[in-house]
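A look at the structure
Chain residues, written in single-letter form:
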Amino acid sequence: MASSNLFSSPVLLALATSYLLFLQPHPNNANSLVTCHFDKIYQFGDSISDTGNLIRQKPVGAATAFARLPYGETFFKHATGRCSNGRLMIDFIAQASGLPFLNPYLEKDADFRHGVNFAVAGATALTAKALAKKSIIDNLTNSSLKVQLDWMSKHCIIERDCMEKRKTSLFVLKIGGNDYSFAFQEGKSIQDVKKLVPEVVAAIISGVRRAIVSYGAVRVVVPGNFPMGCLPIYLTLFKTNNSNAYDKHRCLIDINSLAVYHNEKLQEAIQELKTEYPEVVIVYGDYYHAFLWLFDHAVQLGFNGETMHKACCGIGGDYNFDPTNMCSSKVPICPNPNQFISWDGIHLTEAAYYRIAKWLIDDMLPKLQCYN
């Protein structure tokens, strides 16, 4: 009688293993950031990267859902302030570099020997004052890239030979999505939001320049935005019966076009910055295509093809997302988050972040010019 285990045959097992390796963009480079010999990582950004700063901010932090289960339930078994069920991309990048997880800057008496995470959920590239002039209000936090870089300045004063130590550090600046999200929340049209892109990109580039000039950054990763039109929050808010509004991934074309426009302008600005600082390695982090790669191979990678656009933790509508009743201990949670891409309709699951992080690491490694 044939075995019930599909992979009991050595031949089938070898074929399956080869197929899974084929799904990785550059399998020979997987998880080899250790070759860069980074001894510190400095992360700036928003909820995609926050490992606990927002929940430590007063007065809003302790009241956020991110401070309580089910956030953090899968890996940490308790809430850490990460906006997911487990680890984030920065956690996997740190692990791939042979470093421990980055502690949040606002954690008292934390160990910062291996770097600092300055990211804050809800943070924007533009300052709160600049957004307010455009009638865009940040209802979550007044943190911006400038605020986080100011924190770095305070941190740098504490450390001696700050500039010298940055030569073996990796800087990651991922920010800019919330500027658009808050604008949409104020009822602004896609056309109006698109007008923000040049200013948002300029703020990001200004932040990168400050990291280089003031803090001695010599290797910097500057990621673009995800295809926002694939996320449950936007699929819900901009739902339409017009089939022409969706692409082959069943994502919203106009919303994704905004992300593409932002990413194109950001890459153009990065190229200009490279000519300004030719001795600095500046790498564009292609979050957009990493996410689409995950979508294209989701089923083969173990995700449920029927729930790719649905939130694991959520309730209501076609996408399991309701902006008035979002993820919390009072909302249903899917039985297996590892089969979902979206965790709460806005942020991704640990399983999704893991796959995207591997794609990004493989894509960025040659560009980081790390030579033994």
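Whatever comes next refers back to the structure up there.
Residues numbered from 1 in each chain as written. Predicted model: local features only at pLDDT ≥ 70, side-chain atom pairs only at ≥ 80, totals over all residues. Heavy atoms only, no water.

What to know about the overall build of the chain
So the rule is basically this: A run of DSSP states H or I qualifies as a helix once it reaches four residues; a run of E qualifies as a strand once it reaches two. Both are numbered from the N-terminal end. For each residue, the accessible area found with a 1.4 Å probe, counting protein chains only, is set against the maximum for its type, and the residue is called buried under 20%, exposed over 50%, and partly exposed in between. When checking whether two residues touch, look at their non-hydrogen atoms; a contact exists if any pair is within 4.5 Å.
A count of helices and strands for the chain gives twelve helices and five strands. Across the 372 residues of the chain, 55% fall into the buried class. Counting contacts in the chain only where the partners sit at least 6 residues apart, residues at least 24 apart contribute 73% of the total.

Considering the pattern of salt bridges
This is how the line gets drawn: One side-chain nitrogen of Lys or Arg within 4 Å of one carboxyl oxygen of Asp or Glu is enough to make a salt bridge.
A complete count under the given rule lists eleven salt bridges for this structure. Between Asp91 and Arg82 there is a salt bridge; the shortest N-O distance is 2.8 Å. For the residue pair Asp91 and Arg82, the accessibility class agrees, reading buried in each case. For Arg210, the salt bridge is made with Asp150, and the minimal N-O distance between the two is 2.7 Å. Note that Arg210 is positioned in helix α8 (residues 197-215) and Asp150 in helix α4 (residues 145-158), a separation of 60 residues in sequence.

Points about helix α6 (residues 177-185)
The element α6 is extensively covered by neighbouring structure, given that eight of its nine residues are classed as buried. Within α6, the full set of buried residues consists of Gly177, Asn178, Asp179, Tyr180, Ser181, Phe182, Ala183 and Phe184. Once α6 ends, the next one or two residues include Gly187, with phi positive near 85°.

Notes on the environment of Ser144
Among the secondary structure elements, Ser144 is positioned in the loop between α3 (128-132) and α4. The exposure class of Ser144 is buried, given its relative accessible area of 2%. When the C-alpha positions of Ser144 and Gly122 are compared, they lie 8.6 Å apart, and in sequence the two are 22 residues distant. Contacts of Ser144, omitting those with residues within four sequence positions, involve Thr124, Leu126 and Thr127.

Concerning the sheet that holds strand β2 (residues 115-117)
How we decide: At least two bridges found by DSSP between two strands are what make those strands a pair. Lines fitted to the C-alpha atoms define the axes, with helices restricted to the stretch that makes contact. Angles between their N-to-C directions range from 0 to 180 degrees.
Reading across the sheet, the five strands line up as β2-β1-β3-β4-β5 and stay open at both edges, with parallel pairing between neighbours. At either margin of the open sheet sits one strand with a lone partner, and together these are β2 and β5 (281-285). The average angle at which neighbouring strand axes cross in this sheet is 15°, direction not considered. With two bridges connecting them, strand β3 (residues 169-174) and strand β4 (residues 219-223) associate as parallel partners. Among the inter-strand pairings, Val172 is bridged to a residue of β4, identified as Val221.

Remarks on the nonpolar core
Here is the rule we go by: For our purposes a nonpolar core is just a set of buried Ala, Val, Leu, Ile, Met, Phe, Trp, Tyr and Cys residues, chained together by side-chain atoms within 4.5 Å.
Residues Phe171 and Ile341 are the most contacted members of the largest nonpolar core, which totals 122 residues. For Ile341, the residues in contact, after removing those within four places along its chain, are Phe291, Leu294, Phe295, Ala298, Phe303, Met308, Leu348, Thr349 and Ala352.

As for the side chain of His262
Relative to the helices and strands, His262 is located in helix α10 (residues 253-276). If we skip the residues at most four places from it in the chain, His262 touches Tyr180, Val197, Val200, Val201, Ile204 and Asn225.

Comments concerning α8
Applicable threshold: Under the convention used throughout, the expected extent of a helix is 1.5 Å for every residue step, that is, one less than its residue count.
Helix length check: α8 (19 residues) gives 26 Å between terminal C-alpha atoms against 27 Å at 1.5 Å per residue, within 8%. Among the residues of α8, Val197, Val200, Val201, Ala203, Ile204, Ile205, Gly207, Val208, Ala211, Ile212 and Tyr215 are the ones counted as buried. Once α8 ends, the next one or two residues include Gly216, with phi positive near 70°.

Section: the packing of α8 against α10
As a reminder, the rule being used: Whether a crossing is left-handed or right-handed is set by the direction in which the near helix is turned from the far one by less than a right angle, anticlockwise for left-handed and clockwise for right-handed.
Packing of α8 against α10 leaves a shortest axis separation of 10 Å and a crossing angle of 35°. Relative to α10, the crossing made by α8 is right-handed. Only Leu258, Tyr261, His262, Lys265, Leu266, Ala269, Ile270, Leu273 and Glu276 of α10 make contact with α8, whose side of the interface consists of Val197, Pro198, Val200, Val201, Ile204, Ile205, Val208 and Arg209.

Things to note about the side chain of Gln43
Condition: Counting of polar contacts relies on pairs of N or O atoms within 3.5 Å, with two restrictions inside protein: one atom must be capable of donating a hydrogen and the other of accepting it, and residues adjacent in sequence are counted only when both atoms are side-chain atoms.
Inspection of the secondary structure puts Gln43 in strand β1 (residues 40-45). A polar atom in the side chain of Gln43 sits 3.2 Å from the side chain of Ser49. The contact partners of Gln43, leaving out residues within four places of it in the chain, are Ser49, Ile90, Leu102, Val116, Asn117, Phe118, Ala119, Val172 and Lys174.

Some details on the state of the cysteines
Put simply, the rule is: Disulfides are defined in this document as cysteine sulfur pairs within 2.5 Å.
On inspection of all chains with the given rule, the structure shows four disulfides. Bridging Cys230 to Cys251, the disulfide has an S-S length of 2.1 Å. The sign of the 110° torsion about the S-S bond sets the Cys230-Cys251 disulfide as right-handed. With a gap of 21 residues between them, Cys230 in the loop between β4 and α9 (232-237) and Cys251 in the loop between α9 and α10 connect regions that are remote in the sequence. Judged by relative accessible area, Cys230 falls into the buried class, the value being 1%. Across the disulfide from Cys312 sits Cys334; the S-S distance is 2.0 Å. The S-S bond linking Cys312 to Cys334 shows a torsion near -85°; that makes this disulfide left-handed. In this pair, Cys312 sits in the loop between α11 (287-296) and α12 (350-364) while Cys334 sits in the loop between α11 and α12, placing the two residues 22 residues apart along the sequence. The two residues Cys312 and Cys334 agree in class, both being buried.

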